[in-house]
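Observations on the model geometry
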Amino acid sequence: MSKRVHVTPHPDGGWQTKREGAGRAGSRHDTQGDAIDRAREQAIRERGEVVMHRPDGRIRDSDSYGNDPNPPKDRKH
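The text that follows walks through the structure, step by step, so that each part is easy to find. Just so it is clear, the model here is predicted, and its values are computed rather than measured.

**Some words on the nonpolar core**
- The biggest cluster of nonpolar side chains holds 9 residues, and these are Val5, Val7, Trp15, Ala35, Ile36, Ala39, Ala43, Val50 and Met52.
- Beyond its immediate chain neighbours, meaning those up to four positions away, Ala35 contacts Val7, Trp15, Gln16, Thr17 and His29.

Below, the structure is given as structure tokens:
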């Protein structure tokens with residue numbers, strides 16, 4: 001199973017964390033910030049990646065918390 005955790009809008013309102021390939025949300029939150037915090041905790045624990053989406057579903061950003069064999073070339077951190 002993938003170690004990617006996506007932060008996406010929840011169909012019933014708010015935001016959700018959902019492991020890539022999972023059938024249902026892992027957790028639901030009122031704000032995107034709260035959902036990102038929870039996803040980050042999970043990704044750090046599992047040495048995975050957080051993929052953050054915009055309200056329209058497009059990918060906004062991602063952060064890796066493990067040994068990335070192909071580290072990004074950007075300098076945001």
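Structure's up, so let's keep going.
**Focus: the pairing of strand β1 (residues 4–9)**
- Note: β1 against strand β4 (residues 49–53), 4 bridges, orientation parallel. Across the sheet, His6 pairs through a bridge with Val51, a residue of β4.
- Of the pairings in the sheet, the one linking β1 to strand β2 (residues 15–19) comprises 5 bridges and is antiparallel in character. Bridging from a neighbouring strand, Pro9 pairs with Trp15 of β2.
- Once β1 ends, the chain turns through 5 residues before running back antiparallel as β2, passing Gly13 with a positive phi of about 110°.

**A few points about helix α1 (residues 32–46)**
- If you check α1, its first and last C-alpha atoms are 21 Å apart, about what 15 residues at 1.5 Å a residue would give, namely 21 Å.
- Among the residues of α1, those classed as buried are Gln32, Ala35, Ile36, Ala39, Gln42 and Ala43. Buried residues of α1 fall within an arc of 130° about the axis and therefore sit on the same side.
- If you follow the buried residues of α1, they end up packed against β1, β2, β3 (27–29), β4 and β5 (59–64).

**Some words on the pattern of salt bridges**
- Throughout the structure, instances matching the rule amount to 5 salt bridges.
- Residue Arg4 is joined to Glu20 by a salt bridge in which the shortest nitrogen-to-oxygen separation is 3.3 Å. Here Glu20 lies in the loop between β2 and β3 and Arg4 lies in strand β1, a separation of 16 residues in the sequence.
- Given a relative accessible area of 35%, Arg4 falls into the partly exposed group.
- Judged by relative accessible area, Glu20 falls into the partly exposed class, the value being 29%.
- Salt-bridge contacts for Arg4 lead to Glu49; the nearest nitrogen and oxygen are separated by 3.0 Å.

**Concerning the sheet that holds β2**
- Taken together, the 5 strands give an open sheet; going across it, the order is β3-β2-β1-β4-β5, and neighbouring strands pair in mixed fashion. Where the open sheet ends on each side, the last strands, each with one partner, are β3 and β5. Averaged over all adjacent pairs, the angle separating strand axes in this sheet is 20°, with direction ignored.
- Of the strands in this sheet, β1, β2, β3, β4 and β5 touch α1, which is tilted by about 20° from β2.

The rules behind each value
Residues numbered from 1 in each chain as written. Predicted model: local features only at pLDDT ≥ 70, side-chain atom pairs only at ≥ 80, totals over all residues. Heavy atoms only, no water. Core = buried A, V, L, I, M, F, W, Y, C linked by side-chain atoms within 4.5 Å. Buried < 20%, exposed > 50% of the residue type's maximum accessible area, 1.4 Å probe, protein only. Contact = heavy atoms within 4.5 Å. Pairing = 2+ DSSP bridges. Helix = DSSP H or I, 4+ residues; strand = E, 2+ residues; numbered from the N terminus. Expected span 1.5 Å × (residues − 1). Arc of directions from axis to C-beta. Salt bridge = Lys/Arg side-chain N within 4 Å of Asp/Glu carboxyl O. Axes fitted to C-alpha atoms, helices over the stretch in contact; angles between N-to-C directions.

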